[in-house]
Amino acid sequence: MQMRNSAGTYRLSAWQLTAIIVAGTLVRFFFGGFTHSWYSAPDQLAWGLSLDEMLQSHHWRYIQIIHAPHEGGSFLIGLLSLALRPFDFLLPPLSLAALLVDTASRLVQVRIAQKLFGGRVAAWFGLWTVLAVPLLIPWATIDFGLHALSAFFPFVFLYLAQTENSKHLGLRAGLFAAVALSFSYDNIALLPPLILCILTEKQYGRNLVIFFLSFGICMLPHLYTRLWMDTGYFAENAGLLAGKSLAGPPLFAAAHFTNLRYVWSGAFPASFMLSASDSLSPALTKNLVSVFVYGGFLFFAFYKGIAGKIRLVALLVIFFFIAAYCFSPFFADSISNHSFVYYRHLAYIIPFAVLLMIAGFIQKAWGKWVIAAWLIFCAIETLAYLQLPWPVKEPAYAPAGWILAKKYGSDAGRLFRIHSAAPAQYRDTLAFGFGWGLSAALLSNPASQKAVPALVNMIQQSPLQYRSKMVAGVRHSFEKGITPVLDGKLLRQFDSTLLQ
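Just so it is clear, the model here is predicted, and its values are computed rather than measured.

This paragraph deals with the overall build of the chain. Assigned secondary structure in the chain consists of 23 helices and two strands. Computed over C-alpha atoms, the radius of gyration of the chain comes to 24 Å, within 12% of the 23 Å expected from 2.2 N^0.38 for 500 residues, which places it in the range of a compact globule. Expressed along its principal axes, the backbone C-alpha trace of the chain runs to roughly 80 × 55 × 50 Å. For the chain, the share of sequence-separated contacts (at least 6 apart) that also reach a separation of at least 24 residues comes to 78%. Total accessible area computed for the chain in this model is approximately 20,700 Å², and 66% of it derives from carbon and sulfur atoms. Considering the chain, the positive charge centre built from 36 side chains and the negative charge centre built from 21 side chains are found 11 Å apart.

Moving on, we get to helix α10 (residues 204-218). Helix length check: α10 (15 residues) gives 20 Å between terminal C-alpha atoms against 21 Å at 1.5 Å per residue, within 8%. Every buried residue belonging to α10 is among Asn 207, Phe 211, Ser 214 and Phe 215, and all of these are buried. The arc that holds every buried residue of α10, seen down its axis, measures 100°, which confines them to one face. What points out from α10, more than 90 degrees from its buried face, is the exposed set Leu 213 and Ile 217. In this structure, the buried residues of α10 make contact with α8 (169-183) and α9 (191-199).

Structurally, the position occupied by Thr 382 is in helix α17 (residues 367-386). Residue class for Thr 382 comes out buried when judged on its relative accessible area of 1%. Once the C-alpha coordinates of Thr 382 and Leu 274 are considered, the two residues, 108 residues apart in sequence, prove to be 9.4 Å apart. Reaching out from Thr 382, the side chain makes a polar contact with the backbone oxygen of Ala 132 at a distance of 3.4 Å.

Using the criterion set out here, one finds 43 aromatic pairs in the structure. Centre to centre, the rings of Trp 139 and Phe 340 are 5.3 Å apart; their planes meet at 80°, and the pair counts as edge-to-face. Note that Trp 139 is positioned in the loop between α6 (119-131) and α7 (153-163) and Phe 340 in the loop between α15 (308-326) and α16 (350-362), a separation of 201 residues in sequence. An aromatic cluster of three or more residues is present, and its members are Trp 264, Phe 268, Phe 272, Phe 292, Tyr 294, Phe 297, Phe 319, Phe 320, Trp 374 and Phe 377.

Below, the discussion takes up the pattern of salt bridges. Oppositely charged side chains are able to pair whenever their charged atoms sit close together. For the structure on display, the rule yields nine salt bridges. One salt bridge in this structure joins Asp 52 and Arg 85, with 2.8 Å as the shortest N-O distance. Highlighted residues: Asp 52 in helix α2 (residues 42-57) and Arg 85 in the loop between α4 (73-83) and α5 (93-117), separated in sequence by 33 residues. When its relative accessible area of 23% is taken as the criterion, Asp 52 is described as partly exposed. On the basis of relative accessibility, which here comes to 22%, the residue Arg 85 falls in the partly exposed class. Residue Arg 61 pairs with Glu 53 through a salt bridge whose shortest N-O separation is 3.5 Å. Taken individually, Arg 61 and Glu 53 each receive the classification buried, so the pair is uniform in this respect. The network of salt bridges with common partners includes Arg 28, Asp 102 and Arg 106.

Among the structural elements, His 222 can be located in helix α11 (residues 220-228). Beyond its immediate chain neighbours, meaning those up to four positions away, His 222 contacts Pro 69, Gly 72, Ser 182 and Tyr 185.

Moving on, we get to the environment of Val 370. Tracing the backbone shows Val 370 in helix α17. Remark: the alpha-carbon pair of Val 370 and His 345, spanning 25 residues in sequence, is separated by 27 Å. Residue contacts for Val 370: discarding those within four places in its chain leaves Phe 292 and Phe 361.

Attention now moves to a nonpolar patch on the surface. A surface patch of nonpolar side chains, amounting to about 700 Å² of accessible area, comprises Ile 217, Leu 220, Leu 223, Tyr 224, Leu 227 and Trp 228. In terms of residue count, the dominant contributor to the nonpolar patch is α11 (five residues). Among the structural elements, Leu 223 can be located in helix α11. Judged by relative accessible area, which is 37%, Leu 223 ranks as partly exposed.

This next bit is on the confidence of the model for the chain. Detailed reading of the predicted coordinates is not advisable wherever pLDDT is low. For the chain, mean pLDDT is 90; residues scoring 70 or higher make up 93% of the total. Here residues 1-7 is modelled with pLDDT under 50, and outside its nearest four sequence neighbours on either side it reaches 26 contacts, counting other chains as well. Long-range and interchain partners of residues 237-248, a stretch whose pLDDT sits below 50, account for 34 contacts in this model, where long-range means more than four residues apart.

Within the secondary structure, Gly 367 is located in helix α17. Separated by 71 residues in the primary sequence, Gly 367 and Gly 296 place their C-alpha atoms 9.4 Å from one another.

Generally, phi is negative for residues other than glycine and the peptide bonds are trans, each holding for most cases. A cis amide bond links Trp 390 with the next residue in sequence, Pro 391, at an omega value of -5°. Mapping Pro 391 onto the fold places it in the loop between α17 and α18 (397-408). A positive phi is found at Gln 203, a non-glycine position, where the angle reads about 55°. Summarising the element assignment, Gln 203 is placed in the loop between α9 and α10.

Reading the values: rules and limits
Residues numbered from 1 in each chain as written. Predicted model: local features only at pLDDT ≥ 70, side-chain atom pairs only at ≥ 80, totals over all residues. Heavy atoms only, no water. Helix = DSSP H or I, 4+ residues; strand = E, 2+ residues; numbered from the N terminus. Rg over C-alpha atoms; globule rule 2.2 N^0.38 Å. Contact = heavy atoms within 4.5 Å. Areas by Shrake-Rupley, 256 points an atom, 1.4 Å probe, with all protein chains shown as cover. Lys, Arg positive; Asp, Glu negative; His and termini not counted. Charge placed at Lys NZ, Arg CZ, Asp CG, Glu CD. Expected span 1.5 Å × (residues − 1). Buried < 20%, exposed > 50% of the residue type's maximum accessible area, 1.4 Å probe, protein only. Arc of directions from axis to C-beta. Polar contact = N/O pair within 3.5 Å; in protein donor to acceptor, adjacent residues only side chain to side chain. Phe/Tyr/Trp six-rings, centres within 6.5 Å; stacked < 30°, edge-to-face > 60°. Salt bridge = Lys/Arg side-chain N within 4 Å of Asp/Glu carboxyl O. Patch = residues over 30% accessible without salt bridge, like charges linked within 9 Å, V, L, I, M, F, W, Y side chains within 5 Å. pLDDT = per-residue confidence, 0-100.

Okay, structure coming up:
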């Protein structure tokens, strides 16, 4: 379906679309190959070792194929990476899998942009995706959560909201919501706008009942894997996920509402560019992003080529995602951070936000000049990001060991079988991470004094040559600035128990 709207009837041809998508893939492929950016992603290093051990032992396990239990889509990526192992001379298999999923995601995004807003919007948006913004480029060759790889779901939601009819609305909405949430919990932000779409249609009562029934039934496979399959995360409620403390203020604390006020002027616009350019201050960069993006949102709110309800739910998707981000333990408040890991969760919503911005400006006669300026601004920042000190020299095996200890710590035998799959020169570092992770998992619990003997016992069950490294990792977990913050008395108890 090619919609006629204020953006004109220009159609993006198949070869133009292919050229745009391939160009973006090549940029990301060469970025990953040159920078070795996955060395900075301990989650991917840990995941890769799990897969290596699984293949060596010929004992396939769900827990080792997935990245994390809340990201069901990681099961598919893990399987895809296994199929790509013959091509590991190009990139690590998990990086190749991420690159293929990212390519498919961008294809879906541009195609839906054309179906909803016409060829001109799709062309501008597609050109933007080639270099995009600094935050998005690394994630095409890194598996550190599915945030960026899930970015196509808001596009699919908007397409379904635009083309849906009330007869099958509840059923299709339930199926989509279950698939989206089973893939990644980032998609929880789509549920409120989805329910709003149902409530504004005819027969909303019937459709709402069908929605919840179909959603509940289709979520059963995911719930089964969460409740009854071994998904790991030893003492999961005690500490960290992906290297960041889950401890924080309770839900609906005053700090969360402060975050919600700040994020629009700080964290969200700052996340696009990662302060990549030395010629622009972080404050100026995030202010420029704010002018472009929020100006586009304003014009999109009055976009005449699409129904008012659809414009509203599109903007609500962004609002609900940002609100969920502010109320999560992963909220980041610096505007000057260079690390792509720091703002990784916001990579989910940035492509959708840019699409709405472009669609907003395109309806004005002068809009193409604003969009062109935006593309130039983004390209300069991305190219500046490529000039930062690369490649990464040493893989982050200490944090990878931390993650493996959190995931498999209750099974020391499996933990050290995975350890044996690591390159020999990094096994000491990995064992250090094991001690660090086990300490964080056990000693941050309320009953942590009773856990000290258990921690010592786990270290004594480990291979003799790595025990000193694990002890060093435990001591590291008590150092200043390390989260979670552990009680210093426990370190003294640990040393005393170890001597005994």
